[in-house]
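One-letter residues, chain by chain:
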Amino acid sequence: MAKIMNFQMKNIKRLTGREGYGCTASLYLDGKRIGTYADYADGGPEDVEYISKEAEEAMMKTIIAYAKKVPNEFVINLYQERPEQYKKECEWFRKTHPYIPEEDITKETMASNSIVYIVSDFLKLFDAEKQFKKFSKKGYVAISVEGNQIFAYPPNYSKEQIMAEADGGNIYFSLDDFNIMQEV
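Quantities reported herein were computed from a predicted structural model and do not represent experimental measurements.

## Observations concerning the pairing of strand E6 (residues 142-146)
No. 1: The element E6 is largely enclosed, with a buried count of four among its five residues.
No. 2: The antiparallel hairpin formed by E6 and strand E7 (residues 149-153) contains two residues in its connecting segment, where Gly147 sits at a positive phi of about 65°.
No. 3: Pairing between E6 and strand E8 (residues 170-172): three bridges, direction antiparallel. Pairing of Ser144 across the sheet is with Ile171, part of E8.

## A short note on the nonpolar core
In globular proteins that are soluble, nonpolar side chains generally tend to be buried together.
No. 1: Core analysis: the largest hydrophobic core is formed by 43 residues, its most contacted members being Phe7, Met9, Ile12, Ile115, Ile118, Phe122 and Tyr172.
No. 2: Of all the elements, helix H5 (residues 115-137) adds the most residues to this core, at nine residues.
No. 3: Apart from residues lying up to four places away in sequence, Ile118 is in contact with Ile4, Phe7, Met59, Thr62, Ile63 and Tyr66.

## Some thoughts on the sheet that holds E7
No. 1: Strand order in the open sheet formed by three strands is E7-E6-E8, with antiparallel pairing between adjacent strands. The two strands at the open ends of the sheet, each matched to only one other strand, are E7 and E8. Across the sheet, the axes of successive neighbouring strands diverge by a mean angle of 20°, strand direction being ignored.
No. 2: Each of E6, E7 and E8 is contacted by H5, which is oriented at about 145° to E6, the strand it contacts most.

## Comments concerning the packing of helix H1 (residues 53-69) against H5
No. 1: Between H1 and H5, whose axes approach to 9 Å, the crossing angle comes to 70°. Classed by the angle they form, the pair H1 and H5 counts as roughly perpendicular. Across from Met59, Thr62, Ile63 and Tyr66 in H1, the residues of H5 making contact are Ile115, Tyr117, Ile118 and Asp121.
No. 2: Classifying every residue of the contact of H1 with H5 gives six nonpolar, one polar and one charged.

## Considerations on the packing of helix H2 (residues 73-81) against helix H3 (residues 83-96)
No. 1: The interhelical angle for the contact between H2 and H3, taken along N-to-C directions, is 110°, at an axis separation of 5 Å. It follows that H2 is roughly perpendicular to H3 by the angle criterion. On H3, the residues that touch Tyr79, Gln80 and Glu81 of H2 are Pro83, Tyr86 and Glu89.
No. 2: Its residues placed into classes, the contact of H2 with H3 shows three nonpolar, one polar and two charged.

## Brief notes about H1
No. 1: Given a rise of 1.5 Å per residue, 17 residues ought to cover 24 Å, and the 25 Å separating the end C-alpha atoms of H1 matches this to within 8%.
No. 2: Where H1 is concerned, the buried positions are Ala55, Met59, Met60, Thr62, Ile63, Ile64, Ala65, Tyr66 and Ala67.

## Thoughts on the pairing of strand E3 (residues 20-29)
Along any regular strand, the residues point their side chains to alternate faces of the sheet.
No. 1: Counting buried positions along E3 gives seven out of 10 residues, so the element sits mostly inside the fold.
No. 2: The pairing of strand E2 (residues 7-17) with E3 spans nine bridges and is classified as antiparallel. When the sheet's bridge partners are listed, Gly17 is paired in E3 with Gly20.
No. 3: The hairpin turn running from E2 into E3, its antiparallel successor, is two residues long.
No. 4: When E3 meets strand E4 (residues 32-39), the two strands line up antiparallel, connected through seven bridges.

So, how was this worked out
- Residues numbered from 1 in each chain as written.
- Predicted model: local features only at pLDDT ≥ 70, side-chain atom pairs only at ≥ 80, totals over all residues.
- Heavy atoms only, no water.
- Buried < 20%, exposed > 50% of the residue type's maximum accessible area, 1.4 Å probe, protein only.
- Helix = DSSP H or I, 4+ residues; strand = E, 2+ residues; numbered from the N terminus.
- Pairing = 2+ DSSP bridges.
- Core = buried A, V, L, I, M, F, W, Y, C linked by side-chain atoms within 4.5 Å.
- Contact = heavy atoms within 4.5 Å.
- Axes fitted to C-alpha atoms, helices over the stretch in contact; angles between N-to-C directions.
- Parallel < 35°, antiparallel > 145°, perpendicular 65-115°, else oblique.
- Nonpolar A, V, L, I, M, F, W, Y, C, P; charged D, E, K, R; others polar.
- Expected span 1.5 Å × (residues − 1).

Function cannot be inferred from these measures alone, as they are strictly geometric.
Structure below.
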């Protein structure tokens, strides 16, 4: 099952709202249910309910660890141009998340310190996994995903041929490939 840093979503229900597409789901961390997520695609913020303060803190630590590995370059560039905004957001974050160590409060982590980033990436991974399962049933040995394009590779392709043809896309050879960045 798809996982990012031992984070996953289950019971995913997709929906269409006034502002596009959203979903509701149960949140899991390290295999344990930690809460629920809802984005009703109505233009408002996402709704996250955790089962405990400890669950919320554990999830925020995972979000920060993920942000270190996958920073939002667009927001980092905004922070470069708007140092006062960055300073204010850091002050707010320190007050609301005192359990996050000072050395983890950086432009990279502040640029992606919302659950929406890891949720968005998880949903893309989850969708790719569903496609991989469909193509595997038809006899394909791998898929590559680049943006919204999915390429499936038949059994007569070698791993080297697939790697060369994928050219920058994310390549998946087995279900294990959908469990990414396992350590936190």
